[in-house]
Amino acid sequence: MDIIAPVITPFRNGKIDLDLYAEHIRNITAKGVDAVFVAGTTGLGPALSVEERKALLEAAASVARRVIFQIGSLVLDDAVALAKYAERFDAVEAVASVPPYYFPRLSERQIAKYFRDLCAATSRPVYLYNYPAAVGRDVDAKAAREIGCLKGVKDTNENIAHTLAYKRLMPHMKVYNGSDSLVLASFSVGLDGVVASSANYVPEALARLREAVARGDVERARSIQFAIDEILEAARPLGYSSAVYELVEIFQGYDAGEPRPPIYPLDPEEKAWLKAAVAQAKAKLAL
Ligand code: PYR
């Protein structure tokens, strides 16, 4: 069962700090993260240029053994170019894509065509990144099976049964849940793993949670999950994508840069409030 980190993209003055990005990946992979998910939601993927995404991939592939590269775009040529670019790097085990978003009236056939075009563009496995709350549509297990060429899915969904259905209909598919609140559930039902933003700030806690599940210590695993839930509850009202940067500093002890507007960084009062609000969870996790 994999712990996959959707890695934050650290900006300084509007530019990506690639050294910090690589350093951050080095730190979290040393603490139990098995693979990194580049340019996902936590990585602000849809808010990055093609050149920026390529630069991230290059940096990630130079330090991580296993990389999944999120290539989704409303410009098909860009997604195809990123799929082809990914082939240069041995560390890339798959490319993943959100379905075409924003346009509410695309048919299921049109969505399927998009994924088949990506599959045709690359020799790497193509994964579905299903995130209905962000994308506005759900490519569920039946729709994913219909597409035919998908080798994996990251389902960012609070409904574990929805995620399990992919495994039921496509047992050979890699199936990951992307919700921080379902790490315990995902490990307990034997998914292939999790893609959890908390792997940016508490990777060692996720590793311990996985160990606890493996030895059948559900109580211990649950207490770790609950501490993570407390952090989520505190951070989400502030804008979770921005709060993750601050959580890295609070839990890992280094400056993790900032998001880029329109994903605005937290202001100083919010940062101070967050630090106080997660102090108890931090003590529980003993990080
Ligand atoms: C992402 O940040 O890409 C997740 O789905 C967790």
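Residues numbered from 1 in each chain as written. Predicted model: local features only at pLDDT ≥ 70, side-chain atom pairs only at ≥ 80, totals over all residues. Heavy atoms only, no water.

A. How the structure looks around the state of the cysteines. Under the criterion given, the structure shown has 1 disulfide. Here cysteine 119 engages in a disulfide with cysteine 149; their sulfurs sit 2.1 Å apart. When the S-S torsion is 75 degrees, as for the bridge of cysteine 119 with cysteine 149, the disulfide is right-handed. Separated by 30 residues along the polypeptide, cysteine 119 in helix H4 (residues 108-121) and cysteine 149 in the loop between helix H6 (141-147) and strand E8 (152-155) bring together distant segments of the chain. (Disulfide = S-S within 2.5 Å. Helix = DSSP H or I, 4+ residues; strand = E, 2+ residues; numbered from the N terminus.)

B. Structural detail: the UniProt feature "binding site: pyruvate" (unreviewed entry) in the protein. The positions that UniProt labels "binding site: pyruvate" (unreviewed entry) are, in the present scheme, Thr42 and Val195. Considering the C-alpha atoms alone, the annotated residues occupy 154 residues of sequence yet fold into one spot, their largest mutual distance being 10.4 Å. Along the chain, threonine 42 turns up in the loop between strand E4 (35-38) and helix H2 (50-63). Classification of threonine 42 as buried rests on a relative accessible area of 9%. Here threonine 42 is in contact with Pro6, Val7, Ile8, Thr9, Ser197, Asn200, Val244 and Tyr245, once residues within four sequence places are set aside. Positionally, valine 195 belongs in strand E10 (residues 193-195). Once you skip the residues sitting within four places of it in the chain, valine 195 turns out to touch Ile4, Pro6, Phe37, Lys154, Tyr176, Asn177, Gly178 and Ser179. (UniProt positions renumbered as here; feature names shortened; annotations may be inferred. Buried < 20%, exposed > 50% of the residue type's maximum accessible area, 1.4 Å probe, protein only. Contact = heavy atoms within 4.5 Å.)

C. Spotlight on the site of the ligand. Around the ligand, the structure places Pro6, Phe37, Gly40, Thr41, Thr42, Tyr129, Lys154, Thr156, Gly178 and Val195. A distance of 2.8 Å separates an oxygen atom of the ligand from a polar side-chain atom of tyrosine 129. In isolation the ligand has 220 Å² of accessible area, and contact with the protein removes 97% of it. Here the shell around the ligand is composed, by residue class, of 4 nonpolar, 5 polar and 1 charged. (Near = heavy atom within 4 Å. Polar contact = N/O pair within 3.5 Å; in protein donor to acceptor, adjacent residues only side chain to side chain. Areas by Shrake-Rupley, 256 points an atom, 1.4 Å probe, with all protein chains shown as cover. Nonpolar A, V, L, I, M, F, W, Y, C, P; charged D, E, K, R; others polar.)

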